[in-house]
Amino acid sequence: MARWCYRHRLVVLVLWVGALFGLGAAGTSVGTDYSNVFSLPDTDSKQAYDLMTKAFPRSSGDTDTVVWRSSGDVGPVTDTAVRSRIEPVLKEIAGMRGVGEVVGPYDAKNAAQISRDGRTAFAQITFTDQANEVPKDLVRKVVDTAHGAERDGLQVELGGQAITRIQEPPTGVSEVVGIAAAAVVLFLAFGSLFAMLLPIVVAITGVGSGMMATMLLSHVTNVPEVAPLLGSLIGLGVGIDYALFIVTRHRRGIQRGLEPEESAVRALNTSGRAVLFAGGTVCIALAGMLVMNLRFLDGVVIATSLTVVLSVLAAVTLLPALLGLLGPRVLSRKQRRKLAGAGPDPAEASGPAARWSAYVQERPRSIAAMALVVMAVLALPVLSLRLGATDQGNNQESTTTRQAYDLLAEGFGPGFNGPLQVVVPGGADTTELVRTIRATDDVAQAAAAPPAGGITVIQVVPKTSPQSVGTDRLIDRLRDDVIPEAGVEAHVGGVTAVFKDFASVTGDRLPYFVGAIIGLGFLLLLIAFRSLVVPLTAALMNLIAAAASFGVLVAVFQWGWGTEFLGIGKEGPITAFLPVIMLSLLFGLSMDYQVFLVSRMHEEWVHTGDNARAVRVGLAETSRVINCAALIMICVFSAFVLSGDMEGAMAGIGLAAAVALDAFILRTALVPAAMHLLGRSNWWLPGWLEGRLPHLAVEPAASPTGPNESTGPDESTGPNESTGPDGSTGPDKNTGFDKNTEHIKAAEPETSGTGGATVIHGFLRTADGDPLAGASVTLVSRGGRQLDRVTSIADGSYIVSVPAPGAYILAVTARGLASRAHHVTVGGGPLVYDVELTDDGAGLVK
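Read on for a plain summary of the structure. (Residues numbered from 1 in each chain as written. Predicted model: local features only at pLDDT ≥ 70, side-chain atom pairs only at ≥ 80, totals over all residues. Heavy atoms only, no water.)

1. Description of the environment of aspartate 64
Okay, so step 1: Position of aspartate 64 relative to the elements: it lies in strand 1 (residues 63-70).
Okay, so step 2: Taking C-alpha positions, aspartate 64 is 4.4 Å from glycine 160, a pair spaced 96 residues apart along the chain.
Okay, so step 3: Non-local contacts of aspartate 64, meaning those with residues more than four positions away in its chain, are made with Ala123, Gln124, Ile125, Phe127, Gly159, Gly160, Gln161, Ala162 and Ile163.
Okay, so step 4: Polar side-chain contacts of aspartate 64 include one of 3.1 Å to the backbone nitrogen of isoleucine 163. (Helix = DSSP H or I, 4+ residues; strand = E, 2+ residues; numbered from the N terminus. Contact = heavy atoms within 4.5 Å. Polar contact = N/O pair within 3.5 Å; in protein donor to acceptor, adjacent residues only side chain to side chain.)

What follows is the structure, encoded as structure tokens:
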């Protein structure tokens, strides 16, 4: 597929552009229909909500509030001087098109809208549409008109969902800032403008198509308003990262002498496979949210998973097409000049990454200990994690919604912004219940509204704020003690009660969710890397990363360490649904880095059987690109602080911290240090389990057997070797090599202290002495079982894995040259073979 996309690049580009513009046109024409469904079945607040909607059908529009307070020399809000400024403003707002009704405090029946001290009052504005459909121009006109009544000693503020919309930054600000920061990182990493643009174009294409598709899906299923924000957040992160991994592999291939087309194909066949696998793990982790059985999260799963799928699709189809357009220009001019003048780069990694990898190998215990201490300290705040809901009291102090919230709390009590509704069905007498509720601790006010449809609603104003622990305890006290003692059927509802129930249900189901996504991740890594220890290590690291990132989240948003500095408002509880979303994204992203890191280690392990070398080489060759990818994600996630949405800011800061800790501490320090300490145990898999697992290779051309397997070639014919009808042994017919093999003397082995798995390595050259790339080198047992097969790289070098000392068949095949196989004997250490290929066959040089 990669080769087809590379060669038919114009067709691929036209298809993607057509799909993007088609989805955009459809999404723009039908608009959005996002909905927030927080209520849960089988909860007390849901029963109260159902009864209230039956007895008191809500108006179709959104209700917001105008609050004013007099101070200083200005008299109470009932004075003529204040009324003469406020009443004309309320009348003007009521006459605006799009405003359904304005209920002020100066009517005798609405006297409760004036505080006891007479200094604060409020009016309720009901729009004809829901908040997300009210035109912003109308909202701005209402706000400007209300603020026009202000004077010295008279403060006027507005609160409500519609008012909040005009405080939000322009749509796309966070995305643009994140992309700009990612562009800087990519340019510094690549040194090429074209290479820098590739991941960004791919990510924008994936996210753009995902957002348009989500807009369309909002008309057929419940998609919450926060879902597109989270979809763009995760889509930008993984889209840029996935393209980065592939482009980095492609550039490395060109720098090592491959033609651009062949390099692109190999990059997609290696890093592209890992991208598909990583994208699948992210979607599986996101789908784990369905275990929670919360309707609100279903739309989040749809939006984020769809965006990830389209980002992966863009990376494996659009990206090779763009690579075909650029050709060698994916390298900078300086790199192209160096390639032309000095030739291909060596295959071995060098530089700071290689030095760090060697350092980790030398001091695994101390590095692992320091990493664990850092993560443990950062995880400590998670012990005080409290789930709840954010409201306008968490907005920045400069916003009118926050000031309106504070004025109401000051004038009518902290609980006025989150009243409770005790709903009594059946027309029961509520006199005694109201009296008991008023006498309950932490209750400021309680009053019953006139019955409607046989249902009575008692409005209860707590003494504490909606987000306080005291309000949660009051709800429990009403449900567990006050209402049962009154002997009537009643249900406690209201927004505050709904969010409390949502947090309780989320907390109860969270362990099942964590178990599900950890279990699925474990199975995927078990199948991919044929090891029990690698997935166990990954699961443990994911839990450590989650604990530390939530510790940071609690310190910032719940304890308030830096909230005002970051411009994200007042501290409060962590939004109830955020842990589920964050854990899904975090486990998916952590699995990405684990796959990219361990797949390279596994590839080296399969070829050498040397755990220390596998971990060292894997870390040296992947740490730089993992850290670069992490830095990009940190920029993208951190930029969502500018989204104007508290949940978006929480997710952005939490995920940025998680990615930073995961990439810079876990994947580049703790994981490799632990793997050095575990040694060959990293790749252990019981023989009985090996035969029952399906084969799923993350890296291409994986060996049918590897050093981690319990069986190996034997001097005699075994059950794994092929035998002829006459009982003789010989090369398997599937190997394709001539049975007329020729004995050659084994080269002198290098000194080695191991008698287990080893390697044969060397260089392939033509008769003229030129390196031969792309030749096939296969190691076969004497019974004909293929043990390892590799392709020589640009400088002609190759390395095949030998499971144990013994006699084998080494076969070399190249296009246009005769193929022959030779018997070789391998001792207890690595064996060096330099082979010269001619049109007469393979001749041993050394």
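Don't stop here, the text continues.
2. Considering helix 16 (residues 431-438)
Okay, so step 1: Of the positions making up helix 16, those classed as buried are Leu433, Val434 and Ile437. Buried residues of helix 16, seen end-on, are gathered within an arc of 100° and therefore sit on one face of the element. Opposite the buried face of helix 16, at more than 90 degrees from it, the exposed residues are Thr431 and Arg438.
Okay, so step 2: In this structure, the buried side of helix 16 is in contact with strand 6 (420-424), strand 7 (443-448), strand 8 (456-462) and helix 17 (469-486). (Buried < 20%, exposed > 50% of the residue type's maximum accessible area, 1.4 Å probe, protein only. Arc of directions from axis to C-beta.)

3. Some points on helix 17
Okay, so step 1: Here helix 17 spans 25 Å end to end across 18 residues, near enough to the 26 Å set by a 1.5 Å rise per residue.
Okay, so step 2: Here helix 17 has its buried residues at Gly470, Thr471, Asp472, Leu474, Ile475, Leu478, Arg479, Val482 and Ile483.
Okay, so step 3: Among the residues trailing helix 17, glycine 487 stands out with phi positive, at a value near 75°. (Expected span 1.5 Å × (residues − 1).)

4. Overview of the packing of aromatic side chains
Okay, so step 1: A complete count under the given rule lists seven aromatic pairs for this structure.
Okay, so step 2: With centroids separated by 4.7 Å and ring planes inclined at 25°, the aromatic side chains of phenylalanine 412 and phenylalanine 416 adopt a geometry described as stacked.
Okay, so step 3: On the basis of relative accessibility, which here comes to 10%, the residue phenylalanine 412 falls in the buried class.
Okay, so step 4: With relative accessibility at 23%, the residue phenylalanine 416 sits in the partly exposed group.
Okay, so step 5: Among the aromatic residues, ring-to-ring pairing joins Phe122, Phe412 and Phe416 into one connected group.
Okay, so step 6: Against the face of tyrosine 6 rests arginine 9, its NZ or CZ located 5.5 Å from the ring centre.
Okay, so step 7: Lying over the aromatic face of phenylalanine 194, arginine 329 brings its terminal NZ or CZ to 5.6 Å of the ring centre. (Phe/Tyr/Trp six-rings, centres within 6.5 Å; stacked < 30°, edge-to-face > 60°. Lys NZ or Arg CZ within 6 Å of the ring centre and 35° of its normal.)

5. Details of the sheet that holds strand 2 (residues 99-103)
Okay, so step 1: One open sheet holds the four strands; their spatial order is 2-3-1-4, and the pairing between them is antiparallel. The sheet is open, and its two edges are formed by strand 2 and strand 4 (154-159), each paired on a single side. Taking the axes of each pair of neighbouring strands and ignoring which way they run, one obtains an average angle of 20° across the sheet.
Okay, so step 2: By the bridge criterion, seven bridges tie strand 1 to strand 3 (residues 120-127) in an arrangement that is antiparallel. Paired with tryptophan 68 across the bridge in strand 3 is alanine 121.
Okay, so step 3: Its contacts with the sheet place helix 15 (residues 400-412) against strand 1, strand 3 and strand 4, and it is angled at close to 110° to strand 4. (Pairing = 2+ DSSP bridges. Axes fitted to C-alpha atoms, helices over the stretch in contact; angles between N-to-C directions.)

6. Some points on the sheet that holds strand 8
Okay, so step 1: The strand order across the open sheet formed by four strands is 7-8-6-9, and the pairing between neighbours is antiparallel. Each end of this open sheet is capped by a strand with a single partner; those strands are strand 7 and strand 9 (491-493). When the angles between neighbouring strand axes are averaged without regard to direction, this sheet yields 25°.
Okay, so step 2: The pairing of strand 7 with strand 8 spans five bridges and is classified as antiparallel. Looking across to strand 8, one finds that alanine 447 is bridged to glutamine 459.

7. Some thoughts on a nonpolar patch on the surface
Okay, so step 1: A contiguous nonpolar surface patch, about 640 Å² in accessible area, is contributed by Val184, Phe187, Leu188, Leu193, Phe194, Leu197 and Val201.
Okay, so step 2: The set of elements that each furnish at least two residues to the nonpolar patch consists of helix 7 (173-190) and helix 8 (193-217).
Okay, so step 3: Looking at which element gives the most residues to the nonpolar patch, the answer is helix 8, with four residues.
Okay, so step 4: Examined against the element boundaries, valine 201 turns out to sit in helix 8.
Okay, so step 5: Judged by its relative accessible area of 36%, valine 201 falls in the partly exposed class. (Patch = residues over 30% accessible without salt bridge, like charges linked within 9 Å, V, L, I, M, F, W, Y side chains within 5 Å. Areas by Shrake-Rupley, 256 points an atom, 1.4 Å probe, with all protein chains shown as cover. Salt bridge = Lys/Arg side-chain N within 4 Å of Asp/Glu carboxyl O.)

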